[in-house]
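Structure assessment
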Amino acid sequence: MSINRRQWIQQSLLASATVLLAGAPVAQGCASERPRELGDKDDLILLNWNENPYGPSETAIKAVNDAMKYANRYPDEVANELKEKLAKKNNLRTKNFLLTAGSTEVLSLLGQHVALQKGEILTPFPTFPTALRFGERTGATVRKVDLDADDRIDLAKVLAAISDKTTMVFICNPNNPTGTEVATEDLRNFCRQVPENVLICVDEAYVEYSNAGLKGSMIGLVDELPNLVICRTFSKAYGLAGLRMGYAVSHKRNIDALSQRHLGAEISTGWPPLVAASASMDDPEFINSCVAKNTEGKRILYEAYDAWGVKYHASSTNFVYARDDRFEGNLVAKMKERGFLITKWPSMTDHIRVSIGKPEHMRLYVDSVKELLV
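These numbers come from a predicted model, not from an experiment. (Residues numbered from 1 in each chain as written. Predicted model: local features only at pLDDT ≥ 70, side-chain atom pairs only at ≥ 80, totals over all residues. Heavy atoms only, no water.)

Overview of helix H12 (residues 359-369)
Of the positions making up H12, those classed as buried are Pro359, Met362, Tyr365, Val366, Ser368 and Val369. Lining the buried residues of H12 we find helix H10 (284-308), helix H11 (331-337), strand E10 (340-341) and strand E11 (351-355). (Buried < 20%, exposed > 50% of the residue type's maximum accessible area, 1.4 Å probe, protein only. Helix = DSSP H or I, 4+ residues; strand = E, 2+ residues; numbered from the N terminus. Contact = heavy atoms within 4.5 Å.)

Things to note about a negative patch on the surface
A cluster of acidic side chains, namely Asp76, Glu77, Glu81 and Glu84, defines a negative patch on the protein surface. As for its placement among the helices and strands, Glu77 is situated in helix H3 (residues 76-89). (Patch = residues over 30% accessible without salt bridge, like charges linked within 9 Å, V, L, I, M, F, W, Y side chains within 5 Å. Areas by Shrake-Rupley, 256 points an atom, 1.4 Å probe, with all protein chains shown as cover. Salt bridge = Lys/Arg side-chain N within 4 Å of Asp/Glu carboxyl O. Lys, Arg positive; Asp, Glu negative; His and termini not counted. Charge placed at Lys NZ, Arg CZ, Asp CG, Glu CD.)

Focus: the pattern of salt bridges
Going through the model one piece at a time under the given rule, you end up with 16 salt bridges. Two residues, Glu224 and Arg192, come together in a salt bridge whose shortest N-O distance is 2.8 Å. Here Glu224 is found in the loop between strand E6 (199-203) and strand E7 (228-233), whereas its partner Arg192 is found in helix H7 (residues 184-193), with 32 residues between them in sequence. Relative accessible area serves as the criterion here: at 42%, Glu224 is assigned to the partly exposed category. Accessibility expressed as a relative area gives 41% for Arg192, which makes it partly exposed.

Quick notes on the sheet that holds strand E2 (residues 97-100)
Judged by pairing direction, the sheet is mixed, and its seven strands sit side by side in the order E2-E8-E7-E6-E5-E3-E4 without closing on themselves. If you trace the sheet from one side to the other, it starts and ends with E2 and strand E4 (141-146), each paired once. Neighbour-to-neighbour, the strand axes of this sheet turn through a mean angle of 20 degrees, independent of strand direction. The pairing of strand E5 (residues 166-172) with E6 spans five bridges and is classified as parallel. Residue Cys172 lies in a different strand from E6, and its bridge partner there is Asp203. (Pairing = 2+ DSSP bridges. Axes fitted to C-alpha atoms, helices over the stretch in contact; angles between N-to-C directions.)

Concerning the nonpolar core
With 59 residues, the main nonpolar core has Leu187, Phe190, Cys191, Leu228 and Phe234 as its most contacted residues. Counting residues per element, this core draws most heavily on helix H9 (residues 271-281), which supplies seven residues. Not counting residues up to four positions away in its chain, the partners in contact with Leu228 are Cys191, Ile200, Val202, Met218, Leu221, Val222, Val249, Ser250, His251 and Asn254. The next biggest cluster of nonpolar side chains, apart from the first, holds 27 residues, and it includes Leu98, Val114, Phe125 and Ala131. (Core = buried A, V, L, I, M, F, W, Y, C linked by side-chain atoms within 4.5 Å.)

Now the structure itself:
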């Protein structure tokens, strides 16, 4: 595809008028992922949406409560303060950040960007589908590269699949739904090898849980690679999924283009999510505690799976992806009858995904699902 960086911005959907989407809205993934029914959540153990069972932190809750007295004011000031804090933490500038209502907004904008160009999204698969779905619904083509035999992203295979039709490469690391992680240096080298006229989107929703932690982020490449966009969220480890707070990190030109198409104009989240995110950043002990307890919850599930001969991969996230052939029938439906919600996307033909709850929840889950072994 013959297009330089300036032309990429000029032709981008990101800098053009809004495209209206047809069909049902897409939030954190497949619409079918959410079997939760209004009114029943207090009677179920929720192991289906990768939520942090411990959050928000008390620091964030206090910040939200204090912020309610400013609910009559637009949150421009606190939005700028959060960007300044993010910039300082990541050794970047505020112009490198766009604040959004969760990372879903960033992913949807990027999918639509490809669609305007009638371009192609190249992605390992299965993976998190939001950018792919928004792209397909507005005219983009999605080309999928199979994971390797261990359900891991094969970066060499993805790189070899880039063609003159490729507009964007999407990499979710750690990957959802598999929970596997690409080594930091391998991903850095991959990003540097992607042609400069091809956009790279790296979704880092679970980076806090990963083996490398924040050191595994690609944020350090933002100044080096103008074609790199990183998606981050406060929904997972920070426990703010219900408040909708995320952000994009990229070269200023990309952030400017995203901003022109962002309907929320960085204030769609309002005072409470902004101050909650800022307060959460000041409470690293809470995040460290959540990650440690998540490791304990995974250990409980690993030990059960090992004893039962269930095949799974050690997870770099707050969920575990495992084969379901050791269990009888429709495991999702049977476990809901028993009071547990777990996930099986249509693309998970022979796997299930179980989010990690509190250790006591994981013990209850193990005791219950054991009765469905075959």
